[in-house]
Amino acid sequence: MPTIGVKRDLLFEALGKTYTDDEFQDLCFAFGLELDEVTTEKQMLTKEQGDVAVAANACEEIIYRIDIPANRYDLLCLEGLVTGLLVFQGKLKPPKFQFVEPAKRQVLKIDPSTAQIRPYAVAAVLRNVTFTQASYNSFIDLQDKLHQNICRKRTLVAIGTHDLDTLQGPFSYEALAPNQIKFKPLNQTKEMTGSELMDFYSTHAQLKQYLPIIRESPVYPVIYDANRVVLSLPPIINGDHSKISLKTKNVFIECTATDRTKAKVVLDTIVCLFSEHCAQKFTVEPCDVVQPDGSVISYPELEVREERISVKRANAYIGIDEPAEKLADMLTRMYLEAKVDGDSLVVKIPPTRHDVIHACDIYEDVAIAYGYNNIKKSLPAFMQIAKQFPLNKLTEQLREQVAQAGFTEALTFTLCSRDDIGRKLNKNIDALPAVHIGNPKTLEFQVVRTTLLPGLLKTLVANRKMPLPLKLFEISDVVVADESTEVGARNERRVVHGLLDRVMQLLSVPWKSASGTKGYYLQATEDPSYFPGRCANVMYDGVVIGKIGVLHPTVLQAFELTTPCSAVEFTIEPFV
């Protein structure tokens, strides 16, 4: 959940009213926000850096730190927050955003070469903007908040804002070799090539985290104007030539992206929130973006779509009984203009509310406007007797019995590295039915485990100084890819330990004798994770439910173990 810091006096001035801290906290709560902290810049610096001397000259002005829902991008700056609160209080009608058609539109042409790195771009213009120091700071801060949230630290979208009066259209978005790009970066005095820029910012406190996004690419994305002046090298930095200042009147906004939908959301958010600083409020000048195939798309879209919801369902889901007119008024206060149409509500979704993607989101806004604390508590209309999920009940019973047999239970991470279930177990990761994480944050958590063995072996490593023998067990889920399921994967509850016969006895599963027709038995097999000739399948009713054996020395070596180790792992789901 992002947190924004706004100066209290500026906030109250924009709201047209002064509140006590408690009163403003109540207003935030009613609007679905939370006033996290009342502080000052000096206190924040002292808290973050722990150095009173550094914060000695900091401002003592009161700052409200407010927690914003992660999907409410329209509230990430002072302008959006103030508009939202004023509309919620009924002091302002939801703004209507309009296009202003220029004599000649600005054009951004996307070169086909950009497909190698960041294939999408969108653009817009804000005309006759008046910046104050406060609104300028808010403009910069909004871009940073968007970069950290929906833009996923610039990996999905990178925002560039420029003083249009210093540039000459049309603009071109290209991808060139690093040494072919040369310009003066923002707030620098020396021109640099793309390669030199990477070295220069490799130690920069803020920008160094973005360098890996394009550093290893053979081409870097770059935006030029008609005179081959560099606007920006996304997603790293803008050019110094077109930098925004307090004197800027016309702002050219470009967003390059690997996700076109996210780029459109970001562009809509920026132009809607800051179009209130234009001479003609809430107006935006569209731009033509020429696609690599020659087609032309106009941005921003500023789409206002309509959704229809049932009044009866809205009341039933929330647990209230309000007339349609009252529900429409509540939605309008939440920036969603609504009108009654029979037993339904027709709700207009503005371009600032990209978080509304389903009727459930509208119901949620009704509940917020009504006030969660105002919803009366009531008993359900029907009664049910709950019972424990059978698989969980069996799991708890086995845990208790295996622990009583002298084994110590371990609870390990569900996520692990590719090497943990692949190379370290002498298996090919590509041949395993593993579910891979799309954007792993660390090398330790790349896939969902397909076996419980790596977690227990890591636990053994961490406790290898303990006296032998170490007897561990775990009863947890693994996840395997399965195209026959709705989500493409399924959970499977397994147990790992060295007590097979006792567990089968607890499950009332007999050993299958030569004349028997039902039970469990062992069948010799070979597995690269186990020592040759020391591995067997655990069979139940003719089906393989697991494996038992002595782990291969190379597996032990990969997990930095020096003592022999045996294991049994099988699924308990057939016994539920």
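Bear in mind the structure is a predicted one, so any value in this text is a computation, not a measurement.

Calculation criteria
Residues numbered from 1 in each chain as written. Predicted model: local features only at pLDDT ≥ 70, side-chain atom pairs only at ≥ 80, totals over all residues. Heavy atoms only, no water. Helix = DSSP H or I, 4+ residues; strand = E, 2+ residues; numbered from the N terminus. Buried < 20%, exposed > 50% of the residue type's maximum accessible area, 1.4 Å probe, protein only. Contact = heavy atoms within 4.5 Å. Areas by Shrake-Rupley, 256 points an atom, 1.4 Å probe, with all protein chains shown as cover. Lys, Arg positive; Asp, Glu negative; His and termini not counted. Charge placed at Lys NZ, Arg CZ, Asp CG, Glu CD. Domains from an automatic or database assignment. Buried area = accessible area lost by both parts, 1.4 Å probe. Polar contact = N/O pair within 3.5 Å; in protein donor to acceptor, adjacent residues only side chain to side chain. Nonpolar A, V, L, I, M, F, W, Y, C, P; charged D, E, K, R; others polar. Expected span 1.5 Å × (residues − 1). Patch = residues over 30% accessible without salt bridge, like charges linked within 9 Å, V, L, I, M, F, W, Y side chains within 5 Å. Salt bridge = Lys/Arg side-chain N within 4 Å of Asp/Glu carboxyl O. Arc of directions from axis to C-beta. Core = buried A, V, L, I, M, F, W, Y, C linked by side-chain atoms within 4.5 Å. Pairing = 2+ DSSP bridges. Axes fitted to C-alpha atoms, helices over the stretch in contact; angles between N-to-C directions. Parallel < 35°, antiparallel > 145°, perpendicular 65-115°, else oblique. Left-handed = near helix turned anticlockwise from the far one by under 90°. Phe/Tyr/Trp six-rings, centres within 6.5 Å; stacked < 30°, edge-to-face > 60°. Lys NZ or Arg CZ within 6 Å of the ring centre and 35° of its normal. Disulfide = S-S within 2.5 Å.

Break down the overall build of the protein for me, citing the residues and quoting the values.
The helix and strand tally for the protein stands at 15 helices and 29 strands. With the C-alpha coordinates aligned to their principal axes, the bounding extent of the protein is approximately 90 × 65 × 60 Å. In the protein, buried positions account for 48% of the 576 residues. In the protein, the share of contacts with a sequence separation of at least 24, taken over all contacts with a separation of at least 6, comes to 67%. Taken as a whole, the protein presents about 29500 Å² of accessible surface, with 51% of it coming from carbon and sulfur. Across the protein, the 64 positively charged side chains and the 72 negatively charged ones have centroids separated by 3 Å.

Now, about the domain arrangement of the protein: what can you tell me, with residues and values included?
Partitioning the protein into structural domains gives domain 1 (3–89), domain 2 (98–299), domain 3 (305–369) and domain 4 (390–575). Contact with domain 1, which involves 10 residues of that partner, is made by 9 residues of domain 3. Both sides together, the interface formed by domain 1 and domain 3 hides about 850 Å², and carbon and sulfur atoms give 59% of it. There are 1 residue pair in polar contact (both at pLDDT 80 or more) connecting domain 1 and domain 3. The element contributing the most residues to the side of domain 1 that touches domain 3 is helix α4 (residues 78–88), with 4 residues. Residue classes in the side of domain 1 that touches domain 3 are distributed as 4 nonpolar, 4 polar and 2 charged.

Give a detailed account of helix α5 (residues 133–148), specifying residues and quantitative values.
Given a rise of 1.5 Å per residue, 16 residues ought to cover 22 Å, and the 23 Å separating the end C-alpha atoms of α5 matches this to within 8%. Among all positions of α5, only Ser-135, Ser-138, Phe-139, Leu-142, Gln-143, Lys-145, Leu-146 and His-147 are buried.

I'd like a rundown of a negative patch on the surface, residues and numbers included.
On the surface, Asp-21, Asp-22, Glu-23 and Asp-26 cluster together into a negatively charged patch. As for its placement among the helices and strands, Asp-22 is situated in helix α2 (residues 21–30).

Tell me about helix α1 (residues 8–15), residues and numbers included.
Taken as a whole, α1 has its buried residues at Leu-11, Phe-12 and Leu-15. Down the axis of α1, the sector holding all buried residues measures 95 degrees, keeping them to one side. Its buried side turned inward, α1 meets β1 (3–7), α2, β3 (62–67) and α4. Downstream of α1 by one or two residues, Gly-16 has phi in the positive range, about 75 degrees.

Would you mind going over the nonpolar core in detail, with residue names and values included?
Note that soluble globular proteins tend to have their nonpolar side chains buried in a common cluster. Ranked by internal contacts, the top residues of the largest apolar core, which has 97 residues, are Leu-11, Phe-24, Ile-66 and Leu-146. Top element by residues in this core is helix α7 (residues 260–274). It accounts for 9 residues. Other than its neighbours up to four places away in sequence, Ile-66 contacts Pro-2, Thr-3, Ile-4, Val-6, Phe-24, Leu-33, Glu-34, Leu-35, Asp-36 and Leu-81. Ile-475, Val-495, Val-538 and Val-568 belong to the second-largest nonpolar core, a separate cluster that totals 22 residues.

Go over the environment of His-162 with me, naming the residues and quoting the values.
Mapped onto the fold, His-162 is located in strand β7 (residues 157–163). Sequence-wise, His-162 and Asp-240 are 78 residues apart; in three dimensions their C-alpha atoms are separated by 9.5 Å.

If you had to explain unusual backbone geometry to someone new, which residues and values would you point to?
In this structure, Pro-170 follows Gly-169 across a cis peptide bond, with omega equal to 0 degrees. The topology assignment puts Pro-170 in the loop between β7 and β8 (171–176). One non-glycine residue, Arg-154, adopts positive backbone phi at about 70 degrees. Structurally, Arg-154 can be placed in the loop between α5 and β7. Phi is positive for Arg-228, close to 65 degrees, though the residue is something other than glycine. Along the polypeptide, Arg-228 turns up in the loop between β11 (220–224) and β12 (230–233). For Arg-228, a relative accessible area of 43% puts it in the partly exposed group.

Describe the sheet that holds strand β19 (residues 344–349), with residues and values.
Taken together, the 3 strands give an open sheet; going across it, the order is β17-β19-β18, and neighbouring strands pair in antiparallel fashion. At either margin of the open sheet sits one strand with a lone partner, and together these are β17 (305–310) and β18 (338–341). For this sheet, the mean inter-axis angle between neighbouring strands, taken without regard to orientation, is 25 degrees. The sheet contact formed by β18 and β19 spans 4 bridges and is antiparallel. When the bridges of β19 are listed, Val-340 appears paired with Leu-345.

Please provide a residue-by-residue account of the packing of α1 against α4, values included.
One can describe the packing of α1 onto α4 by two numbers: an axis separation of 10 Å at closest approach and a directional angle of 40 degrees. The angle between α1 and α4 falls in the class oblique. The crossing of α1 and α4 is right-handed. Where α1 abuts α4, its residues Leu-10, Leu-11, Ala-14 and Leu-15 lie against Leu-78, Leu-81, Val-82, Leu-85 and Leu-86. A per-class count over the contact of α1 with α4 returns 9 nonpolar, no polar and no charged.

How would you explain the packing of aromatic side chains if you had to name every residue and give the values?
According to the stated counting rule, one finds 16 aromatic pairs in the structure shown. When the centroid spacing of 5.1 Å and the interplanar angle of 70 degrees are considered together, the rings of Tyr-317 and Tyr-363 count as edge-to-face. You can see Tyr-317 sitting in helix α8 (residues 311–318) and its partner Tyr-363 sitting in helix α10 (residues 359–370), a full 46 residues away along the chain. Under the relative-accessibility criterion, Tyr-317 is labelled exposed at 54%. Centre to centre, the rings of Phe-413 and Phe-445 are 5.2 Å apart; their planes meet at 75 degrees, and the pair counts as edge-to-face. Of the two residues, Phe-413 is situated in the loop between β20 (408–409) and β21 (415–416) and Phe-445 in the loop between β22 (435–436) and β23 (447–448); the sequence distance between them amounts to 32 residues. Here Phe-413 falls in the exposed class, since its relative accessible area comes to 63%. In this structure an aromatic cluster arises from ring pairing among Phe-12, Tyr-19, Phe-24 and Tyr-64. One residue, Lys-424, lies across the ring of Phe-559, its end atom 5.1 Å from the ring centre.

Just give me the short version of a nonpolar patch on the surface, but keep the residues and values in it.
Together, Phe-413, Leu-415 and Phe-445 give the surface a local cluster of nonpolar side chains, amounting to about 290 Å² of exposed area. Using a relative accessible area of 31% as the deciding quantity, one classes Phe-445 as partly exposed.

Tell me what's going on with the state of the cysteines, and back it up with residues and numbers.
In the structure shown here, the tally under the stated rule is 0 disulfides. Here Cys-565 stays free of any disulfide, with the sulfur of Cys-535 as its closest cysteine sulfur at 13 Å. Exposure remark for Cys-565: the relative accessible area of 14% places this residue in the buried category.

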